[in-house]
Amino acid sequence: MTQVAGASGDLTGSGTGTGATAPGTPRPADGARDAVVRGGFARLGAVLLAGAVVAGLVSLAVQRVATAVAVRVSGQRAADGSAAYSAVTPSFAGTALVTALVVVAVAAVLTVCARRRWWRGTEAAGVVVLSALATCLLSVPLAGTRFYLGGNTGDQLFRTQFLGRLADDWHLADMNYADLPSFYPSGWFWLAGRFAALTGTPAWEAFKPAAVATSAIVPVLAALAWSRLVGPRRGLLAGLATAAVGVYPALAGPFVDEPYSWCLAAFVPVVAVVAWRAFGDVPARSRAAAAVSTGVVLGLGAMTYTLYAGFAALVVTLACALRCAAAWRAGAGPAVLRTRVPALVLAGAVSAVLALLVWAPYVVEVLTAGGGRAAAQHFLPLISAQLPAPMLAPTPWGAFLLLGCAWLVLAARRDRSAAPLLLVVLVGYAWYLLSTAALLGRTTLLAFRMEAVLVETMAVAGALGAAALWRALPAAPALLRSGRLPEARALVALAGLAAFVVPLQATGQNLSPQITKAYTDYGAAGVNALGQRDEDLDGAWTDEVLAAVDGAAAAHGLAPGRAVVLSTFYEVFSFRPYRGFQQITAHYANPLARFDERRDEVGSWAAATGPADLLRRMADGPFAAPDVLVLRRAAEGWQVGLTRDTFPAEPNVLWTTVTFDPALFDDPAFTTTDVGPFVVVGVDPDALAAAATGTPTGTPTTETAAG
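If you're wondering where the values come from, they're calculated on a predicted model, not measured in any experiment.

1. Observations regarding the pattern of salt bridges
(1) Moving on: Counted by the stated rule, this structure contains 17 salt bridges.
(2) Moving on: Aspartate 257 is the salt-bridge partner of arginine 159, the closest N and O atoms lying 3.5 Å from each other. With a gap of 98 residues between them, arginine 159 in helix H5 (residues 155–168) and aspartate 257 in the loop between helix H8 (232–246) and helix H9 (259–265) connect regions that are remote in the sequence.
(3) Moving on: Here the residues in one salt-bridge network are Asp155, Arg159, Asp257, Glu258 and Arg449, joined through shared partners.

Structure representation (structure tokens):
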């Protein structure tokens with residue numbers, strides 16, 4: 001292993017670890033370049049910004065081409081006649097072909113740019129190739145639907161709802177409740193909302209191009225960052241590994257299913273390497289620049305996904321502690337604390353300032369009015385109670401991850417990248433144990449989310465380990481004596497190609513359940529991507545429910561989409577920026593909203609003795625009454641489904657039904673419209689005020705929707 005480490009040159013701990021110069025070109029002195037990243041952090045920031053813009057534009061262009069091809073091939077249009085949409089059965093054939101072509105292109109780039117002085121060309125080509133690859137992996141199988149992976153089911157419900165709220169108004173707001181600051185991090189959704197507003201795209205449709213573009217930008221930024229840390233060719237391999245990890249069929253689903261979390265999860269290994277180097281023996285100026293840069297990443301992470309931001313902060317803190325301890329043992333003494341701890345504090349201060357751009361309204365509200373207990377972490381599925389072992393999968397990808405784990409252990413003492421990556425893996429597995437311990441406090445640390453970080457770290461390590469193995473082959477005496485070096489390198493190249501091509505080509509099949517949902521879930525027009533409309537399904541009535549809610553709200557002077565709605569049909573919040581009286585589950589509810597009290601309040605309304613009593617209860621309750629109710633007709637009455645948190649049980653949500661006697665709405669204060677299995681009830685705000693004084697009312701108005 002000593003030969004492997006030494007043969008890897010700039011990949012190992014020798015020099016700065018940022019890549020070597022062209023053959024025959026003198027190495028610049030270490031002091032002539034930044035001690036942490038090639039070219040310094042200012043230049044890296046500019047490169048990342050430019051790379052993100054180019055990757056985003058490439059992704060949007062590829063998406064348009066994929067959709068246009070699907071429309072032309074199928075020769076069909078959506079039921080609403082949209083030209084940008086095709087009622088086409090999902091196909092996975094294109095994914096395999098495109099993936100193979102793009103991987104071959106990556107191999108060509110690596111071959112053409114083999115001479116080290118061409119590293120800028122490697123980066124430029126990598127930006128285009130990686131963004132096109134990541135986009136094709138998702139846009140080709142999703143070309144015939146407006147929905148993203150998972151359609152409009154499960155967690156995608158609240159994501160499209162949140163995007164709709166922030167597309168409707170640029171001010172930060174809670175995804176569901178009116179007049180509350182956001183509890184869920186708004187960073188990615190705010191940007192996606194601005195994209196939807198600027199392009200005039202309905203928010204629920206904008207989620208797909210924004211998510212696919214994010215999934216394309218992430219591997220590009222990873223490749224550029226790793227290029228400045230370990231060299232351009234290894235950086236491109238790390239970016240390719242990141243693209244593969246994003247669509248990895250993990251226990252919790254593909255990581256790109258949650259694009260805003262993938263923005264940070266993919267960069268935890270990068271942050272770890274930067275912090276490890278910065279807290280080592282480097283000039284104070286480089287350490288300060290690294291601290292500010294680390295703080296920026298952590299701050300942006302806190303604005304986007306606080307769980308990963310907290311995990312990354314823990315890794316950075318441990319990196320500082322370990323490097324200080326090592327320097328102390330080496331004879332530096334307590335002086336190491338005076339030089340390194342301030343840098344850690346600086347990183348924390350920068351991250352806190354950035355995080356407050358999103359979190360300040362919520363923090364102020366909690367400090368002034370108090371807040372309830374959050375249930376966001378009340379989730380303990382089986383995948384959180386067992387340690388993941390993706391490197392033991394009997395597949396080429398599993399072997400690739402296993403190579404990464406082996407390299408981390410064998411190169412930890414010699415390579416400036418291996419040690420911090422090994423730290424990330426160890427802390428990731430420790431997080432599972434800490435999450436179990438957190439059960440004593442009736443919460444968890446959502447350990448299953450760490451699988452993304454673990455797989456990403458192992459994959460990057462696999463790329464670096466494969467590069468080290470490639471460079472070490474010429475130093476193997478047995479190979480040199482036998483003359484089998486070309487064959488050995490050919491085997492390594494083929495194995496590496498299989499490790500990438502096999503999982504990438506299988507993307508369509510691996511993501512088949514999520515892709516199928518994208519085609520079968522109903523859109524705002526009441527049909528799915530296949531042009532189907534089954535009136536026995538709630539989604540078939542979506543357009544008529546939306547029209548009825550809008551009509552009831554407009555009758556009382558409310559702007560379209562601004563009504564406060566209590567609905568048993570939660571999909572309506574994906575298609576209009578309605579304010580919800582109650583969130584679908586406590587886990588996505590704002591703690592300031594008092595979720596349990598709201599559920600009990602709805603139950604008290606159903607217990608009213610008559611219309612006047614109902615109006616009085618709604619008017620005198622602790623919460624502003626909804627403007628519209630969407631209830632389901634049943635033999636027992638008109639019903640609304642509500643949930644309660646049952647953590648630590650799994651499933652962690654218990655559905656309950658509140659049933660209203662239809663006679664409670666037999667008053668002109670209520671207007672009712674029948675829509676398929678639903679009844680939409682409009683509430684007159686003036687009647688609510690009058691109810692407190694006992695003003696009598698007359699006869700209700702009833703309409704019946706067509707269909």
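Back to the write-up after that little detour.
2. Some details on the confidence of the model for the protein
The predicted structure's coordinates, where accompanied by low pLDDT, should not be read in detail.
(1) Moving on: Per-residue pLDDT for the protein averages 85, and the proportion of residues at 70 or more is 84%.
(2) Moving on: When mean pLDDT is compared element by element in the protein, helix H10 (residues 268–278) scores highest at 97, while helix H1 (residues 2–7) scores lowest at 33.
(3) Moving on: In the predicted structure, residues 1–33 sits below a pLDDT of 50 and forms 71 contacts with residues beyond four places in sequence or in another chain.
(4) Moving on: A low-confidence stretch, residues 698–707 stays under pLDDT 50, and its non-local contacts, those more than four residues away or across chains, total 26 contacts.

3. What about the packing of helix H7 (residues 203–230) against H10?
(1) Moving on: At a minimum axis distance of 10 Å, the contact between H7 and H10 shows a crossing angle of 25°. Classified by the interaxial angle, the pair formed by H7 and H10 is roughly parallel. Judged by the sense of rotation from one axis to the other, the crossing of H7 with H10 is left-handed. In contact with Ala225, Trp226, Leu229 and Val230 of H7, H10 contributes Pro269, Val270, Val273, Val274 and Arg277.
(2) Moving on: For the contact of H7 with H10, the class distribution of residues is 8 nonpolar, no polar and 1 charged.

4. Regarding the pairing of strand S3 (residues 628–634)
Regular strands place their side chains on alternate faces of the sheet.
(1) Moving on: Bridge count between strand S1 (residues 564–567) and S3: 3 bridges; the pairing is parallel. Among the inter-strand pairings, leucine 566 is bridged to a residue of S3, identified as leucine 629.
(2) Moving on: Pairing between S3 and strand S7 (residues 678–683): 5 bridges, direction antiparallel. Residue pairing in the sheet places valine 630 in a bridge with valine 680 of S7.
(3) Moving on: Bridge count for S3 against strand S4 (residues 637–645) is 3 bridges, and the pairing is antiparallel. Paired with arginine 632 across the strands is glutamine 639, a residue of S4.

5. A closer look at empty space enclosed by the protein
Once rolled over the atoms, a probe with the size of a water molecule shows which space is left empty.
(1) Moving on: Enumeration according to the criterion identifies 6 cavities of 30 Å³ or more in this entry.
(2) Moving on: Roughly 60 Å³ of internal volume is contained in the second largest cavity.
(3) Moving on: Around the second largest cavity, the lining residues are Thr122, Glu123, Gly126, Val127, Val220, Ala223, Leu224, Ser227, Pro232, Gly235 and Leu236.
(4) Moving on: The set of elements that each furnish at least two residues to the lining of the second largest cavity consists of helix H4 (119–139), H7 and H8.
(5) Moving on: Residue composition of the lining of the second largest cavity, grouped by class: 6 nonpolar, 4 polar and 1 charged.

6. Structural notes on the nonpolar core
(1) Moving on: The biggest cluster of nonpolar side chains holds 199 residues, and the ones touching the most others in it are Trp226, Trp397 and Phe660.
(2) Moving on: Ranked by residue count, the leading element in this core is H7, at 17 residues.
(3) Moving on: When residues no more than four places from it in sequence are discounted, the contact partners of tryptophan 397 are Ala241, Ala244, Val245, Tyr248, Val455, Ala459, Ala499, Phe500 and Pro503.

7. Focus on unusual backbone geometry
(1) Moving on: Cis geometry marks the peptide bond from phenylalanine 647 to proline 648; its omega dihedral reads 10°.
(2) Moving on: Mapping proline 648 onto the fold places it in the loop between S4 and strand S5 (653–660).
(3) Moving on: Going from glutamate 650 to proline 651, the amide bond is cis rather than trans, its omega being 5°.
(4) Moving on: Along the chain, proline 651 falls in the loop between S4 and S5.
(5) Moving on: Unusually for a residue other than glycine, arginine 442 sits at a positive phi of about 55°.
(6) Moving on: Following the sequence through the fold, arginine 442 ends up in the loop between helix H15 (418–437) and helix H16 (450–472).
(7) Moving on: The class of arginine 442 is partly exposed, set by a relative accessible area of 48%.
(8) Moving on: For leucine 446, which is not a glycine, the phi torsion comes out positive at approximately 50°.
(9) Moving on: Here leucine 446 shows up in the loop between H15 and H16.
(10) Moving on: The exposure class of leucine 446 is buried, given its relative accessible area of 13%.

8. A short note on the packing of aromatic side chains
(1) Moving on: The tally for this structure, following the rule as stated, stands at 33 aromatic pairs.
(2) Moving on: Pairing phenylalanine 255 with tryptophan 262 gives two aromatic rings, centres 5.8 Å apart and planes at 25°, and the pair type is stacked.
(3) Moving on: Judged by centre distance (5.4 Å) and plane angle (75°), the rings of phenylalanine 311 and tryptophan 431 are edge-to-face. Residue phenylalanine 311 is located in helix H12 (residues 306–332), and its partner tryptophan 431 is located in helix H15; the two are separated by 120 residues in the primary sequence.
(4) Moving on: Since its relative accessible area comes to 0%, phenylalanine 311 is described here as buried.
(5) Moving on: Feature note: the residues Tyr148, Phe158, Phe162, Tyr184, Trp188, Phe189, Phe207, Tyr260, Tyr305, Tyr308 and Tyr588 constitute an aromatic cluster, connected by ring pairs.
(6) Moving on: A cation over a ring is seen here: arginine 533 above tryptophan 541, with NZ or CZ 5.0 Å from the ring centre.
(7) Moving on: Directly above the ring of phenylalanine 581 sits arginine 598, whose terminal nitrogen or CZ lies 5.0 Å from the centroid.

About the cut-offs
- Residues numbered from 1 in each chain as written.
- Predicted model: local features only at pLDDT ≥ 70, side-chain atom pairs only at ≥ 80, totals over all residues.
- Heavy atoms only, no water.
- Salt bridge = Lys/Arg side-chain N within 4 Å of Asp/Glu carboxyl O.
- Helix = DSSP H or I, 4+ residues; strand = E, 2+ residues; numbered from the N terminus.
- pLDDT = per-residue confidence, 0-100.
- Contact = heavy atoms within 4.5 Å.
- Axes fitted to C-alpha atoms, helices over the stretch in contact; angles between N-to-C directions.
- Parallel < 35°, antiparallel > 145°, perpendicular 65-115°, else oblique.
- Left-handed = near helix turned anticlockwise from the far one by under 90°.
- Nonpolar A, V, L, I, M, F, W, Y, C, P; charged D, E, K, R; others polar.
- Pairing = 2+ DSSP bridges.
- 1 Å grid on protein atoms, 1.4 Å probe; cavity = no way out; pocket = protein on both sides within 12 Å on 5 of 7 lines; lining within 4 Å.
- Points joined across faces, edges and corners; volume = space filled by probe spheres on them.
- Core = buried A, V, L, I, M, F, W, Y, C linked by side-chain atoms within 4.5 Å.
- Buried < 20%, exposed > 50% of the residue type's maximum accessible area, 1.4 Å probe, protein only.
- Phe/Tyr/Trp six-rings, centres within 6.5 Å; stacked < 30°, edge-to-face > 60°.
- Lys NZ or Arg CZ within 6 Å of the ring centre and 35° of its normal.

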